[in-house]
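Spelled out from the first residue to the last, the chains are:
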Amino acid sequence: MDVNSPETWRWIWLIVVVAFALAEVFTPVLFFMLSFAIGAAAAAVAAFAGGGAIVQWVLFVGVTAISLAALVPLGRRLEGRDEIHPVGANRWEGRTATVVDEIPAGKHATGLVRIDRETWKAESTNGVGVAAGATVLVTHVTGTRLVVSPWRIDVAPRGTMPGRTEPGSPSARG
């Protein structure tokens, strides 16, 4: 195998195209490996056209760079990575919070929740009240309020009221 032979470089570039194309099949939608396959295909075309090794490598690097710049952002959009909000109020969606001030029952009635070190006004998704100390899930953000739903529902044992530990407590109804 003579590395200086144009015939050898034709086969090398064709093998590289196939290798990167197969690698793209087994990687996420990012189109990262596809960019290298496109660059190698451009170099293969130059090799078959009789271009020198320097021309082939310049084409490989240049076309790969252009393909990366064009295809990787497209792959990120298709994969849905842009839906993650590292800043702003939308970053709280899908996270849990603790109710600091009771969220009263009723549509658009607000209480306060603490998420990390911040306190936010919050309303429940279905208008049901949520007691202070409860854990809630932030479903979405509306304006300056978090819309939350209970993270878990405590079920009282038979014969007791929620929040009571003894069946015969004075305010428990029997």
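Residues numbered from 1 in each chain as written. Predicted model: local features only at pLDDT ≥ 70, side-chain atom pairs only at ≥ 80, totals over all residues. Heavy atoms only, no water.

Trainee: Would you explain the overall build of the chain in this entry?
Mentor: Assigned secondary structure in the chain consists of three helices and five strands. Listed N to C, the secondary structure of the chain is α-α-α-β-β-β-β-β in terms of helices and strands. Taking all 174 residues of the chain together, 27% fall into the buried category. The long-range share in the chain, meaning contacts at least 24 apart out of those at least 6 apart in sequence, stands at 47%. A total of about 11300 Å² of accessible surface is found on the chain, and carbon and sulfur atoms cover 63% of it. (Helix = DSSP H or I, 4+ residues; strand = E, 2+ residues; numbered from the N terminus. Buried < 20%, exposed > 50% of the residue type's maximum accessible area, 1.4 Å probe, protein only. Contact = heavy atoms within 4.5 Å. Areas by Shrake-Rupley, 256 points an atom, 1.4 Å probe, with all protein chains shown as cover.)

Trainee: Just checking my understanding: could you explain the pairing of strand S1 (residues 96-101) for this structure?
Mentor: Within a regular strand, the side chains alternate between the two sheet faces. Looking at chain direction, S1 and strand S4 (residues 135-142) are connected through three bridges and run antiparallel. Bridge pairing in S4 places Thr98 opposite Thr135. As judged from the three bridges shared by S1 and strand S2 (residues 111-115), these two strands associate in the antiparallel manner. In the strand pairing of S2, Thr98 is matched with Arg114. (Pairing = 2+ DSSP bridges.)

Trainee: Would you explain the nonpolar core in this entry?
Mentor: One recurring pattern in soluble globular proteins is that nonpolar side chains are buried together. One finds Ile103, Val113, Ile115, Val136, Val138, Leu146 and Val148 to be the most contacted residues of the largest nonpolar core, which totals 14 residues. Sort the elements by how many residues they give to this core and S4 lands first, with three residues. Not counting the four nearest positions on each side in its chain, Val138 is found in contact with Trp92, Glu93, Gly94, Arg95, Ala97, Ile115, Leu146, Val147 and Val148. Among the nonpolar cores identified, the runner-up in size contains seven residues, and Trp9, Trp13, Ala43 and Ala44 belong to it. (Core = buried A, V, L, I, M, F, W, Y, C linked by side-chain atoms within 4.5 Å.)

Trainee: Help me understand helix H2 (residues 32-48), please; the structure alone is not making it clear to me.
Mentor: Side chains that are three or four residues apart share a direction in an α-helix, a result of its 3.6 residues per turn. Between its first and last C-alpha atoms H2 spans 25 Å; for 17 residues at 1.5 Å apiece the expected length is 24 Å, and the two agree. The complete set of buried residues in H2 reads Ser35, Ala37, Gly39, Ala40, Ala42, Ala43, Ala44, Ala46 and Ala47. Just downstream of H2 lies Gly50, where phi reads positive at about 95°. (Expected span 1.5 Å × (residues − 1).)

Trainee: How should the sheet that holds strand S3 (residues 118-124) be read in this particular structure?
Mentor: The strands making up a sheet are joined through hydrogen bonds of the backbone, oriented either antiparallel or parallel. Strand order in the closed barrel formed by five strands is S1-S2-S3-S5-S4, with mixed pairing between adjacent strands. Shown here is a sheet whose adjacent strand axes are inclined to one another by a mean of 55°, direction ignored. Two elements, S2 and S3, share five bridges in a ladder whose sense is antiparallel. Across the sheet, Ile115 pairs through a bridge with Glu118, a residue of S3. (Axes fitted to C-alpha atoms, helices over the stretch in contact; angles between N-to-C directions.)

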